[in-house]
Amino acid sequence: MDASEYRRRGKEMVDYVADYLEGIEGRPVYPNVEPGYLRPLIPTEAPQEPEAFEDVINDLEKIIMPGVTHWHSPYFFAYFPTASSYPSLIADMLCGAIGCIGFSWAASPACTELETVMMDWLGKMLQLPEEFLAGTAGEGGGVIQGSASEATLVALLAARTKVTRRLQAASPELTQAAIMEKLVAYFSDQVVATLGTTSCCSFDNLLEVGPICKKEDMWLHIDSAYAGSAFICPEFRHLLNGVEFADSFNFNPHKWLLVNFDCSAMWVKKRTDLTGAFKLDPVYLKHSHQDSGLITDYRHWQIPLGRRFRSLKLWFVFRMLGVKGLQAHIRKHVQLAHMFESLVRQDSRFEICAEVTMGLVCFRLKGSNQLNEALLQRINNARKIHLVPCHLRDKFVLRFAICSRMVESAHVQFAWEHIRELGEDVLRAEKE
Ligand SMILES: *Cc1c(COP(=O)(O)O)cnc(C)c1O
């Protein structure tokens, strides 16, 4: 494929993507395939000779799409949202085109510098304490990780290094191994300190947890993978109070802030806590500016060496939607969740199982777990909408998460009518 064919085919693909997203409502949200469906549909080996673009594209609808779960369908209410917007898709094309590997400032200065500034913009949108911002002379700063899980691991490793060095400085006779085997990490049954847990979107009280960590000189990492995006709205910001006690904080713009996967935003108060844990300087990665104190080499802030130019997605999305556009997106989802909540509350056969704060509603039929498992099975077998369950204490609960950028009240209304009908079926089947 040369540049002129790329121009043509690229534009065709843009049309395909726009058609796909515009027409996604018409596709069944959940695929009707069995494990292993794909292998018999394609050759057992890669072609020796090049094939035509048309042949690849024709196979998309035949082979790939039948096995796709359409996460951006307005009938997708499972897990949590995964963000998608046109500005972000466009930025991702550019990211692929530049295709740099921004492990150090010198490896592509704009890749590093835009990330630092975008993380400051985002930190200010959340009203994070000044200490988390890089500014021009700050000790803190932000970094884009691939996932919240990665951010948690990075925080854990940084905390381990920090405490090990502190104890070794105080008692030089202690070996690293002797210290490490005594280290303890505290967490609840919902993981680290969390704002917006995955199962039911509950919130830890940072104003209780924070002072204890401070008093005991313990690293406090806060995971707000899903709910963090909502803190750009002043009415939700109070849930982040206490973040000033944290050493590190993380949330996923790729969940709820219209930035396509992957983009997990992590801030630390002291960048040296991260670089202290991850710094390695082989000679082929050294460059003349690195010890100036003026620049960031992000390879010291993360586990991998390589990294993509992901901040382009933030830049395009922030500029083309504005904070107001992003706030409107969050508010619409929260409002739709409350709409679903009130529909559930109007039917006395159902119950709401956790406070609805963001875009997630946990609900169930009053009755046994078995009854609710049967209901979920009917819902997902019907394939009109898609939900996943969770356990709250010993109860089997259905999670209704507002996910799609395109979801409207009519879809939520439809989903509820559908759930209610299937609920009647399982109640009837139970009596028989
Ligand atoms: C989604 C979620 C995660 C996992 O996020 P990844 O980026 O996929 O690792 C972690 N914690 C919470 C609270 C989440 O909601």
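Remember, predicted model here, so these are calculated numbers, not experimental data.

Chemist: Would you explain the site of the ligand in this entry?
Modeler: Around the ligand, the structure places Phe-80, Ser-147, Ala-148, Ser-149, Thr-194, Gly-196, Thr-198, Asp-223, Ala-225, Asn-252, His-254 and Lys-255. Between the ligand and the protein, one listed contact pairs a nitrogen atom with a side-chain N or O atom of Asp-223 at 2.6 Å. Between the ligand and the protein, one listed contact pairs an oxygen atom with a side-chain N or O atom of Lys-255 at 2.9 Å. Burial of the ligand by the protein chains amounts to 78% of its free accessible area of 390 Å². Broken down by secondary-structure element, the contributors of at least two residues to the shell around the ligand are helix 5 (148–170) and helix 9 (253–256).

Chemist: Whenever I open this one, the pattern of salt bridges confuses me. Can you help?
Modeler: Side chains that differ in charge, positive against negative, can pair when their charged atoms come close. Tallied over the full model, the rule gives 21 salt bridges. Arg-307 is the partner of Glu-115 in a salt bridge, and the nearest nitrogen-oxygen pair spans 2.8 Å. Pair noted here: Glu-115 is in helix 4 (residues 109–125) and Arg-307 is in the loop between helix 10 (271–278) and helix 11 (311–345), with a separation of 192 residues, a long-range link. Each of the two residues, Glu-115 as well as Arg-307, counts as buried. Arg-349 is the salt-bridge partner of Glu-424, the closest N and O atoms lying 3.4 Å from each other. Highlighted residues: Glu-424 in helix 13 (residues 409–431) and Arg-349 in the loop between helix 11 and strand 6 (350–352), separated in sequence by 75 residues.

Chemist: In this structure, what is going on with the UniProt feature "modified residue: N6-(pyridoxal phosphate)lysine" (unreviewed entry) in the protein chain? I would like to understand it.
Modeler: Here the UniProt-annotated "modified residue: N6-(pyridoxal phosphate)lysine" (unreviewed entry) positions come out as Lys-255. Here Lys-255 shows up in helix 9. Given the relative accessible area of 19%, Lys-255 is considered buried. For Lys-255, the contacting residues outside a window of four places in its chain are Phe-80, Pro-81, Thr-82, Ala-83, Ala-225 and Tyr-226.

Chemist: Explanation requested: helix 5 in the structure shown.
Modeler: Each α-helix winds once per 3.6 residues, and so residues spaced three or four apart point in a common direction. Across its 23 residues, helix 5 extends 33 Å between first and last C-alpha, which sits within 8% of the 33 Å expected from 1.5 Å per residue. For helix 5, the set of buried residues is Ala-148, Ala-151, Val-154, Ala-155, Ala-158, Ala-159, Thr-161, Val-163 and Thr-164. The secondary structure elements touched by the buried residues of helix 5 are strand 1 (141–145), helix 6 (176–180), strand 3 (221–223), strand 4 (248–251), strand 5 (264–268) and helix 10.

Chemist: Can you help me understand the sheet that holds strand 5 in this one?
Modeler: Sheet strands line up and pair through hydrogen bonds in the backbone, either parallel or antiparallel. The sheet built from 5 strands is open, its strands ordered 1-5-4-3-2 with mixed pairing. Both outer strands of the open sheet, strand 1 and strand 2 (193–194), are each paired with one neighbouring strand and no more.

Chemist: In this structure, what is going on with the sheet that holds strand 9 (residues 395–401)? I would like to understand it.
Modeler: With antiparallel pairing, the 4 strands of this open sheet are ordered in space as 6-7-9-8. Unpaired on one side and paired on the other, strand 6 and strand 8 (388–392) mark the two borders of the sheet. Mean inter-strand twist for the sheet, computed between neighbouring axes without regard to direction, equals 40°. Looking at chain direction, strand 8 and strand 9 are connected through 5 bridges and run antiparallel. Among the inter-strand pairings, Val-388 is bridged to a residue of strand 9, identified as Arg-399. Across the sheet, helix 11 touches strand 6, strand 7 (360–365) and strand 9, and the angle it forms with strand 7 is around 15°.

About the cut-offs
Residues numbered from 1 in each chain as written. Predicted model: local features only at pLDDT ≥ 70, side-chain atom pairs only at ≥ 80, totals over all residues. Heavy atoms only, no water. Near = heavy atom within 4 Å. Polar contact = N/O pair within 3.5 Å; in protein donor to acceptor, adjacent residues only side chain to side chain. Areas by Shrake-Rupley, 256 points an atom, 1.4 Å probe, with all protein chains shown as cover. Helix = DSSP H or I, 4+ residues; strand = E, 2+ residues; numbered from the N terminus. Salt bridge = Lys/Arg side-chain N within 4 Å of Asp/Glu carboxyl O. Buried < 20%, exposed > 50% of the residue type's maximum accessible area, 1.4 Å probe, protein only. UniProt positions renumbered as here; feature names shortened; annotations may be inferred. Contact = heavy atoms within 4.5 Å. Expected span 1.5 Å × (residues − 1). Pairing = 2+ DSSP bridges. Axes fitted to C-alpha atoms, helices over the stretch in contact; angles between N-to-C directions.

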